[in-house]
Protein chains: 2
Amino acid sequence: MRILGIESSAGPASCAVWEDGRILACSSANTGLTHSQTLVPMIHDMLKNAGISLKTVDLLAVAAGPGSFTGVRIGVAAVKGLAFTEDKPCVGVSTLAAMARMAAGTLFSGIICPAMDARRDQVYTALFEISEGEVIRLTDDNAVSLNNLAKQLDKYKKPVLLIGDGAELCYNTFKQILSEVFIAPLHLRYQSAVGVTLEAAVMQEQAVSSEKLMPIYLRMPQAERELKRKLSNGK
Amino acid sequence: MRILGIESSAGPASCAVWEDGRILACSSANTGLTHSQTLVPMIHDMLKNAGISLKTVDLLAVAAGPGSFTGVRIGVAAVKGLAFTEDKPCVGVSTLAAMARMAAGTLFSGIICPAMDARRDQVYTALFEISEGEVIRLTDDNAVSLNNLAKQLDKYKKPVLLIGDGAELCYNTFKQILSEVFIAPLHLRYQSAVGVTLEAAVMQEQAVSSEKLMPIYLRMPQAERELKRKLSNGK
């Protein structure tokens, strides 16, 4: 089983190929270039340099949200394009679950709290428990205020590991409130397509055709919010 | 400070760019292609896709050994080539120290035992202690038999984390002998250029010119061993 995964939900862009637990190839860039510039050439070059033909990939996976609206749309569109030409099944995974999956199999036991900066003093987050390498989802993906998240975490009375581009924001608030809170080191902190392939590997049965693959939005996109406001003002 | 790191000491080939703790770009391939085919195009494509010019890199780093003689020579030669054209300083890091460095900042506390299969029932290894995110070297890089390594580890009476392509070999032997021995998950187990850049970041003062960069061999290369035997037989 070979899975090609794509991550473009926030600043970094990455792609990876997973085969039966091993990562055959991986590429990432985190230099502020737009994903529309970076992503497809990066996938092309990764496959070329690893000698992997797209024809040998069994499943295409993407971090389908939450995340930057534009980033998620670019990732989903890239997967749709690749899947369409080769008629491959696709799976959209939760960006947050993919982040938590990276910690599975490490020696951390406790609560994984992936956090993405959702602006307006909120983070996109979901809580997962890691116990003996297994990942158990505790809460749904959601946009939560830092205060509410701290209260939620406090109830578990377990060590908390923060990951993601919102981890530092959370850490600065939580270290005064929670007794055991840790932050992933910079070189392992950010969203990665490796996590996307790991999550996709356990979601194979939920694969769909490329037409059915959709982004997962937790909030309405800004353009739609503005349209709604405009329409209601016009009433 | 920007560091370009290269890892080709065993099966996987990888390259990464580090800047002040963050990984700006990274690429890896682990599909059995020869490093002479893979490595330089991979570096070129990583820099291109991340929009990084080689001119902006301050230091070039390579896993200089121990490892496969050919792999290490290809990595060192690639760095020499890149450094020569741009007149950049270079640093050769211990492959094993680079592997240990990946665990720094994670929540593991105990002994890190990176292990590379050195054939003849031996592994290339060195022991490191990770305490509060700091990496402390306990033993020199060496080729050690599995039995001797188990005895060494047993003395520390601390949890042991095995990483590297020799980790599984060690784990199968050690799990009956040691009380707390763990193996890194497959997606974080192998040598990576990210670790090379992390180790290089703390070795900046030992940088040399490209002419002075040399591989680190713990054993004599096979061709030299055979020449020596031939010459002594001819006596």
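These numbers come from a predicted model, not from an experiment.

**Quick notes on the pattern of salt bridges**
Opposite charge on two side chains makes pairing possible when the charged atoms of those side chains draw close.
Here is step 1 of the chain: As enumerated under the stated definition, the model contains 16 salt bridges over all chains in all.
Here is step 2 of the chain: A salt bridge links B:Asp45 to A:Lys48, with the nearest nitrogen and oxygen atoms 2.8 Å apart. Residue B:Asp45 is located in helix α1 (residues 35-50), and its partner A:Lys48 is located in helix α1 (residues 35-50); the two belong to separate chains.
Here is step 3 of the chain: A residue is classified by how much of its surface remains accessible, and B:Asp45, at 5% relative accessible area, is buried.
Here is step 4 of the chain: Across the salt bridge formed by B:Lys157 and B:Asp154, the nearest N and O atoms sit 3.8 Å from each other.
Here is step 5 of the chain: We classify B:Lys157 as exposed; its relative accessible area is 66%.
Here is step 6 of the chain: The exposure class of B:Asp154 is partly exposed, given its relative accessible area of 33%.
Here is step 7 of the chain: Via salt bridges that share partners, A:Asp45, A:Lys48, B:Asp45 and B:Lys48 belong to a single interconnected network.

**Here's the deal with the relation of the copies chain A and chain B**
Here is step 1 of the chain: When chain A is brought onto chain B, the operation consists of a screw motion whose angular component is 180 degrees and whose axial shift is 0.0 Å, with 0.0 Å RMSD remaining. Expressed as an axis order, the relation between the two copies is that of a two-fold axis. Identified as the residue of chain A closest to the rotation axis by C-alpha distance is A:Ser27, at 2.1 Å.
Here is step 2 of the chain: Comparing interface residues between copies, 100% of those in chain A also lie at the interface in chain B; the contact surface is shared.

**Digging into the pairing of strand β8 (residues 128-131) of chain B**
All names here are of chain B.
Here is step 1 of the chain: Relative to β8, strand β6 (residues 110-117) is paired through 3 bridges, and the arrangement is antiparallel. Within β8, the position partnered with Ile111 by the bridge is Glu129.
Here is step 2 of the chain: Judged from the 4 bridges that link them, β8 and strand β9 (residues 134-137) form a sheet pairing that is antiparallel. Across the sheet, the residue bridging to Glu129 is Ile136, located in β9.
Here is step 3 of the chain: Hairpin connection from β8 to β9: 2 residues lie between these consecutive antiparallel strands, with Glu132 at a positive phi of about 50 degrees.

**Re the confidence of the model for chain A**
Here is step 1 of the chain: Confidence along chain A averages 93 in pLDDT terms, with 99% of residues attaining 70 or more.
Here is step 2 of the chain: Two summary scores accompany this predicted model of the complex, namely pTM at 0.93 and ipTM at 0.91.

**Structural notes on the interface of chain A and chain B**
Here is step 1 of the chain: Tallying the contact residues gives 39 residues for chain A and 39 residues for chain B.
Here is step 2 of the chain: Around 2,800 Å² of area is buried between chain A and chain B when both sides are counted, 59% of it from carbon and sulfur atoms.
Here is step 3 of the chain: When the buried surface of chain A facing chain B is broken down by residue, A:Asn49, A:Leu107 and A:His187 rank first, second and third, together holding 23% of it.
Here is step 4 of the chain: Those elements giving two or more residues to the side of chain A that touches chain B turn out to be β3 (22-29), α1, β12 (181-183) and α6 (193-201) of chain A.
Here is step 5 of the chain: The element that contributes the greatest number of residues to the side of chain A that touches chain B is β3(A), accounting for 8 residues.
Here is step 6 of the chain: Among the residues forming the side of chain A that touches chain B, the class breakdown is 23 nonpolar, 11 polar and 5 charged.
Here is step 7 of the chain: Where β3(A) and strand β3 (residues 22-29) of chain B come together, 5 bridges link them in antiparallel fashion. Bridge pairing in β3(B) links A:Ser28 to B:Cys26.

Calculation notes
As a convention, each chain's residues are numbered from 1 in the sequence order in which they are written. Here every chain gets a letter starting at A, and every ligand a number starting at 1, in the order they are written. Totals for whole chains, interfaces and linings use all residues, but because this is a predicted model, local features are given only for residues with pLDDT of at least 70 and pairs of side-chain atoms are given and counted only at 80 or more. Side-chain calculation: all heavy atoms of the structure are included, whereas hydrogens and water are not. Every case where a carboxyl oxygen of Asp or Glu lies within 4 Å of a side-chain nitrogen of Lys or Arg is listed as a salt bridge. Going along the chain from the N terminus, every DSSP run of H or I of four or more residues is numbered as a helix, and every run of E of two or more is numbered as a strand. Throughout this description, buried means an accessible area under 20% of the type-specific maximum (1.4 Å probe, protein chains only), exposed means over 50%, and partly exposed covers the range between. The superposition of copies rests on a least-squares fit of C-alpha positions from residues with pLDDT of 70 or more in both. A contact between two residues is defined here by any heavy atoms of the two lying within 4.5 Å. Should DSSP find at least two bridges between two strands, the strands are taken to pair. A score from 0 to 100, pLDDT tells how confident the predictor is in each residue. When two components associate, each loses some accessible surface as probed by a 1.4 Å sphere; the sum of these losses over both components is called the buried area. Note that Gly is not counted as nonpolar here; it falls among the polar residues with everything else outside the nonpolar set of Ala, Val, Leu, Ile, Met, Phe, Trp, Tyr, Cys and Pro and the charged set of Asp, Glu, Lys and Arg.

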